[in-house]
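Structure assessment
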Amino acid sequence: MNELTENIHSTPRIKEFSCGKDMLDDYLHKQVSQDIKRKLSACFVLNDKETDLLKGYYTLANNSIAQELIPNEFQKKLPNSYKSIPTTLLGRLAIDHRFQNQGVGKLLLVDALKRSYDISKSIGSFAIIVDPLDEDAERFYDKFGFIKLPDSGKMFLPMNTIKTLFE
Ligand SMILES: CC(C)(COP(=O)(O)OP(=O)(O)OC[C@H]1O[C@@H](n2cnc3c(N)ncnc32)[C@H](O)[C@@H]1OP(=O)(O)O)[C@@H](O)C(=O)NCCC(=O)NCCS
């Protein structure tokens, strides 16, 4: 976990990053720096110490979802007065193709869950939300317990479930 760095600018070979999904590559090559400057997103990266290649990255941002979108079994524990439920958005998670299938995606996902859980002790967040790009990404998140939100392509993992992983 302590291999992770927050500062994307310390990543020399960022332009070479390629995960196989243009949208996620382009975001890193063209947009992430602006998003960080504007405080729209925080980006965490893992560099390969030997080659300086970027192994993978993920982004986090504050987010909210309408209470009515949350499945009944989770919604019934929420006060009605909360029309909008505070959440954390794991906006993007991508691993360079040279480092896929080596456990890096899992490492970064667990890192994102831990980081989000730690922050939720200071700023309330009911769940982590992801918005998988395609069915392949959906299967990845499903494997780690993310639940599909009805009527949206998004998935979520309650913070109280995440808590059980780290306490
Ligand atoms: C999806 C992605 C993040 C997975 O990262 P990775 O480093 O290759 O995955 P890992 O090696 O850490 O795999 C961890 C576990 O998830 C499983 N897994 C990996 N990709 C999977 C997928 N698409 N569907 C189902 N399971 C998957 C692995 O088999 C492994 O299982 P195990 O722990 O039982 O051995 C990566 O392939 C990627 O960046 N893809 C392109 C971008 C993308 O689709 N991002 C998703 C968010 S939008």
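So, here is what we can say about the structure in this document. As the structure is a prediction and not an experimental result, all values here were calculated from the model. (Residues numbered from 1 in each chain as written. Predicted model: local features only at pLDDT ≥ 70, side-chain atom pairs only at ≥ 80, totals over all residues.)

Some thoughts on the overall build of the chain
Quick reminder of the rule: Helix and strand definitions follow DSSP, with helices as H or I runs of at least four residues and strands as E runs of at least two, each counted in order from the N terminus. For the radius of gyration, the atom set is restricted to C-alpha positions; the globular benchmark scales as 2.2 Å times the number of residues to the power 0.38. The exposure label follows from counting other C-beta atoms within 10 Å of a residue's C-beta, where the C-beta atoms are placed from the backbone and the thresholds are 20 or more for buried and 12 or fewer for exposed, leaving partly exposed in between.
Of the regular secondary structure elements, the chain holds five helices and six strands. Ordering the α and β elements of the chain from the N terminus gives α-β-β-α-β-α-β-α-β-β-α. Its C-alpha atoms give the chain a radius of gyration of 16 Å, within 12% of the compact-globule value 15 Å for 167 residues. Evaluated residue by residue, the chain yields a buried proportion of 29% over its 167 residues.

Comments concerning the site of the ligand
Defined as follows: Here, nearness means that the C-beta atom of a residue, built from backbone geometry, sits within 6 Å of the molecule or strand in question. As a working rule, the residues Ala, Val, Leu, Ile, Met, Phe, Trp, Tyr, Cys and Pro are called nonpolar, Asp, Glu, Lys and Arg charged, and the rest polar, with Gly in that last group.
Taken together, 22 residues lie around the ligand, and Gln100, Gly105, Lys106, Ala137 and Arg139 are the ones closest in. Residue assignment for the shell around the ligand shows that the elements contributing at least two residues are β3 (84-95), α3 (104-120) and α4 (135-143). No other element matches the five residues that α4 contributes to the shell around the ligand. Looking at the shell around the ligand residue by residue, the class counts come to ten nonpolar, six polar and six charged.

Such coordinate-based values are descriptive only and should not be taken to indicate function.
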